[in-house]
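Report on the structure
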Protein chains: 2
Amino acid sequence: MMSSSKVYATYRVQTPISLELAAEMIATEQSTGTFVHVPGETDELRALHRATVERVVQTGSATSPALPGSRGAKNEIVTEYQEGEVTVSFPYHNMGASIPNLLAAVAGNLYELSQLSGIRLMDIEVPEEFFDRYKGPKFGISGTRQLAGVESGPIIGTIVKPSIGLSPDNLRMLVRELAASGIDFVKDDELNANPPYFPFAEKVRIVMEEIHRAADKTGKQMMYAFNITGDIEEMLTHHDEVLKSGGTCVMVSIHSVGWAALAYLRERCELPIHGHRNQWGWMTRHPLLGMEFRAYQKLCRLAGVDHLHTNGMDNKFYESNESVAKSVRDCLTAFGPGYDVMPVLSSGQWAASAVKSYQTLGTVDVIHLAGGGIMAHPDGVTAGVESMRQGWEAALSGQALDEYAKTHQELNRAIAKFGRA
Amino acid sequence: MMSSSKVYATYRVQTPISLELAAEMIATEQSTGTFVHVPGETDELRALHRATVERVVQTGSATSPALPGSRGAKNEIVTEYQEGEVTVSFPYHNMGASIPNLLAAVAGNLYELSQLSGIRLMDIEVPEEFFDRYKGPKFGISGTRQLAGVESGPIIGTIVKPSIGLSPDNLRMLVRELAASGIDFVKDDELNANPPYFPFAEKVRIVMEEIHRAADKTGKQMMYAFNITGDIEEMLTHHDEVLKSGGTCVMVSIHSVGWAALAYLRERCELPIHGHRNQWGWMTRHPLLGMEFRAYQKLCRLAGVDHLHTNGMDNKFYESNESVAKSVRDCLTAFGPGYDVMPVLSSGQWAASAVKSYQTLGTVDVIHLAGGGIMAHPDGVTAGVESMRQGWEAALSGQALDEYAKTHQELNRAIAKFGRA
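Residues numbered from 1 in each chain as written. Chains lettered and ligands numbered in written order. Predicted model: local features only at pLDDT ≥ 70, side-chain atom pairs only at ≥ 80, totals over all residues. Heavy atoms only, no water.

What to know about the overall build of chain A
Our working rule: Where helices and strands are cited, they refer to DSSP runs of H or I of at least four residues and of E of at least two residues respectively, numbered from the N terminus. It is over C-alpha atoms that the radius of gyration is taken, and the globule rule equals 2.2 Å times the number of residues to the power 0.38. For the exposure calls, accessible area comes from a 1.4 Å probe over protein chains only, and a residue counts as buried if that area is under 20% of its type's maximum, exposed if over 50%, partly exposed in between. Note on definitions: a residue-residue contact is assigned when non-hydrogen atoms from the two residues lie within 4.5 Å. Each accessible area is a Shrake-Rupley estimate made with a 1.4 Å probe; only the visible protein chains count as cover when residues are assessed.
Secondary structure assignment for chain A yields 18 helices and 13 strands. The C-alpha radius of gyration computed for chain A amounts to 24 Å, which stays within 12% of the reference 22 Å derived for 421 residues, consistent with globular compactness. A principal-axis box enclosing the C-alpha atoms of chain A has dimensions of 75 × 45 × 40 Å. The 421 residues of chain A split such that 65% are buried. Across chain A, every contact between residues at least 6 apart in sequence was considered, and the portion connecting residues at least 24 apart equals 75%. In the form shown here, chain A has an accessible surface area of approximately 14,100 Å², with 48% of it arising from carbon and sulfur atoms.

Structure (structure tokens):
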């Protein structure tokens, strides 16, 4: 019953005590310990179940604490806070192959420890048993390409805008225009799932009618990620409606539903899961709190997400291009037995973003979403889509965007409206 | 179809731009807007669906940003960051009565806005429709008291320790001792749910045998919160096992399973749900990020949690007594149509904690958990439980703890071991 498998968790730590002691606190608190020694905490029990500090590396120090409430040893006044990285291993048999129970161990109460003035989960490694239990992305990159009919190159997409409030008729007209434009992918906004003024079933009916009508002409079916975020029965019902209507993708706000719901959906899902990470900002924005994307995207892939949002280059949000690039690389790094996930570039994207994306990321295995960048193109949606393709052509050919724009009208007009590349 | 109901969300904000403008950014981003004006964003659509800034109050300013990545208008150099509170209302019909979709609106992408250098959801108000959809705590305070056989006074409890690694025989002996001690409540540690070395079903069998045996003698059945945290089918199966065996409580790590799973469990649950908030630290510890407990406990109650952890006085974690007291008061403030939740005091608790708890909180409607404070009492578990009761007797009678301890041996011995009151 006692397996020798281990879970490894790496943390960025800031502490008013020594890094070694802080690491020991994490290991103790998250396995066998309490604040006093209790009867039954035998040497044998500790040997079998205790978490182990595997590595402690000092990286620097600070003169003030990143987070409130930390305390030095014996409440002495602290003038220096140690900063470093710490790896702790947890016996697999403490938790079993369970994402929820993994989280209680590697990301539970430890965020509240007063011995830490900063604590961020940077990376995790899970043993085989987790891959036996969780089957990961069902479609991944190749399955998505097949369903979207995009053999190579980036998958160009957009988001239905305005986010909220389109009437059935207006949504129909918009989807008709998009489907005719040759765009590969469209998604619902995360703010729009199943609002009372426009029930989900009606949305599916209208959107799929338009998609099928266009596909009959062009031979290519646009992938539409229907936002099925909701309570569990609602999610499954909506998935079934999309599937039955011939849709090819569902979208879920990961944090709105949670890990157990995501894994539950994956087991019953016949379509790629487009993973939206809204709320992720509050879990990662402070560099000494929460979780690093590297750890996060592994959990998402384990639970079965096929597409994962990473922000885009020069996005309108707080995230730096360097951070976005790291996230995309994390998504494209092998994990588990072929648990491939397709990174989704979005936020403030337009034709010119293609160049910086390709130069920085060096990959076309992305879903590249432009909302306003397509919808608000001065010559309409079709021109917006064309401008995105021209942006990628320029990027892949290595030509300067402005040069390329001279002979490509849609790109030229996009540059004139959205700014200089 | 268009209801006039609204959701209200109040935020603590820090921003390099004006508070008014920052509030407008939140309202726009989280309802009808994108980074450029798009066709279809008509005045009529905005009137029906736009979020509205209801209130802006300046509270202060700072010279450096709380979070990285914020940008001033036109990227100018910022020397002052405005701080304040902002209330935004969202049309109910934008999201419908759905916790997951509520979260996408009030706590979604806004945490990533570069116009904000600090953003924390402080409070929410939801309309009637949410209470129609979510039935809230099934047992609450009165239902818990009835099942635990504690008509009045605090519910005294402990946590199975060591957290991890007790063998079936050792757990049996421990539960036997606890059940004989007259303690009201015992819970699994959040680290211990269904580990491979000790399957859940066997735990239930052993624990309930001992609980029933003791109840046959004493007439009172100790409440045991079995940790059913896990994937969804596992959770439901484990709930059914507890129910079938005559158990009276289940425990769930709220963030490990997520909101949709919690609400799903509530609809199928015949027992009080003991809500463990591990991971909550990383969502709340930074004062200008994440969520305030006031908003959080409303979501928990809406989703159906009957007991909610709040930390305890002089806890071993980072949280101040002031913050704990606020949380307890939030839990005891009316919400919804009788959605009562019982606050759970824990972490570093022992007999003396009763005095400060009662003086500060002025209530006995608490579950008061002492892990080491009971388990590591020098005269054993029964004496540990007795010392906790004596602590509360002293608190309620207004006598000084040391005075009371002179005639109460178990309390006296607790003080000698765990420190001065």
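Now that the structure is up, let's keep going.
A word on the pairing of strand 9 (residues 273-276) of chain B
Residue and element names in this part refer to chain B. Spelled out, the test is: If DSSP finds at least two bridges between two strands, the strands pair.
Alternating positions in strand 9 separate into two faces, Ile273 and Gly275 on one and His274 and His276 on the other, with burial throughout. Taken together, the four bridges between strand 8 (residues 249-253) and strand 9 define a ladder with parallel strand orientation. Bridging from a neighbouring strand, Val252 pairs with Gly275 of strand 9. Summarising the sheet, strand 9 and strand 11 (residues 307-309) pair through two bridges and their orientation is parallel. Residue pairing for strand 11: Gly275 is matched across the bridge by Leu308.

Describing the interface of chain B and chain A
Our working definition: Defined in terms of a 1.4 Å probe, buried area is the accessible area two parts forfeit on being brought together, summed over both. By convention in these notes, a salt bridge is any Lys or Arg side-chain nitrogen within 4 Å of a carboxyl oxygen on Asp or Glu. Polar contacts, as counted here, are pairs of nitrogen or oxygen atoms within 3.5 Å of one another; within protein the pair requires one atom able to donate a hydrogen and one able to accept it, and residues that are adjacent in sequence qualify only if both atoms are side-chain atoms. In this classification, Asp, Glu, Lys and Arg are treated as charged, Ala, Val, Leu, Ile, Met, Phe, Trp, Tyr, Cys and Pro as nonpolar, and every other residue, Gly included, as polar.
Listed as interface residues are 99 residues of chain B and, on the opposing side, 100 residues of chain A. Buried area between chain B and chain A, both sides added, is near 8,200 Å², and the carbon and sulfur share of it is 59%. Between the two partners, chain B and chain A, sit eight salt bridges. With a shortest N-O distance of 2.6 Å, A:Arg133 and B:Asp231 are connected by a salt bridge. Run the count over chain B and chain A and you get 36 residue pairs in polar contact (both at pLDDT 80 or more). Elements that contribute at least two residues to the side of chain B that touches chain A include exactly helix 2 (43-49), helix 3 (99-106), helix 8 (232-244), helix 9 (254-257), helix 10 (259-268), helix 11 (280-284), strand 10 (289-291) and helix 15 (372-375) of chain B. For the side of chain B that touches chain A, the leading source of residues is helix 10 of chain B, giving seven residues. For the side of chain B that touches chain A, a count of residues per class yields 46 nonpolar, 39 polar and 14 charged.

Some points on the nonpolar core
For clarity, the cut-off: To define a nonpolar core, start from buried Ala, Val, Leu, Ile, Met, Phe, Trp, Tyr and Cys residues and group those joined through side-chain atoms within 4.5 Å.
Residues A:Tyr11 and B:Tyr11 are the most contacted members of the largest nonpolar core, which totals 257 residues. Leave out the neighbours within four places in its chain, and A:Tyr11 touches A:Ile26, A:Gly84, A:Glu85, A:Val86, A:Val88, A:Phe90, A:Val106, A:Leu110, A:Ile119, A:Arg120, A:Leu121 and A:Met122.

Looking at the domain arrangement of chain A
Residue and element names in this part refer to chain A. Threshold: Note that domain bounds follow an automatic or database assignment of domains.
Assigned domains of chain A: these are domain 1 (6-133) and domain 2 (140-418). In this assembly, domain 1 packs against domain 2 so that about 1,900 Å² is buried in total across both faces, 65% of it on carbon and sulfur atoms. Connecting domain 1 to domain 2 are three salt bridges. Its salt-bridge partner being Lys298, residue Asp123 comes within 2.8 Å of it at the nearest N-O pair. Linking domain 1 with domain 2 are 14 residue pairs in polar contact (both at pLDDT 80 or more), by the criterion used here. The set of elements that each furnish at least two residues to the side of domain 1 that touches domain 2 consists of strand 1 (6-15), helix 3 (99-106), strand 4 (118-125) and helix 4 (128-133). Residue contributions to the side of domain 1 that touches domain 2 peak at eight residues, all from strand 4. Of the residues in the side of domain 1 that touches domain 2, the class split is 14 nonpolar, two polar and six charged.

Description of the side chain of A:Ser31
On the secondary structure map, A:Ser31 appears in the loop between helix 1 (19-29) and helix 2 (43-49). At 2.7 Å, the side chain of A:Ser31 and the backbone oxygen of A:Ala27 are in polar contact. Engagement of the side chain of A:Ser31 in a polar contact is seen with the backbone nitrogen of A:Ala51, the distance being 3.0 Å. In this structure, A:Ser31 is in contact with A:His49, A:Arg50, A:Ala51, A:Asn94, B:Ser163, B:Ile164 and B:Leu191, ignoring residues within four places of it in sequence.

Examining the packing of aromatic side chains
Residue and element names in this part refer to chain A. Heads up, the condition is: For Phe, Tyr and Trp, rings pair up if their centres lie within 6.5 Å, where Trp contributes its six-membered ring, and each pair is then called stacked (planes under 30 degrees apart), edge-to-face (over 60) or tilted (otherwise). Any Lys NZ or Arg CZ found within 6 Å of a ring centre and within 35 degrees of that ring's normal is scored as a charge over the ring.
Scanning the entire structure with this criterion turns up 27 aromatic pairs over all chains. Geometrically, the ring pair formed by Phe335 and Tyr339 is edge-to-face, given 6.3 Å between the ring centres and 80° between the ring planes. With respect to burial, Phe335 and Tyr339 carry one shared label: buried. One aromatic cluster is present, built from ring pairs that chain together Trp259, Trp280, Phe293 and Tyr296. Looking at Arg268, its charged tip hangs above the ring of Tyr264, at a distance of 3.6 Å from the centre.

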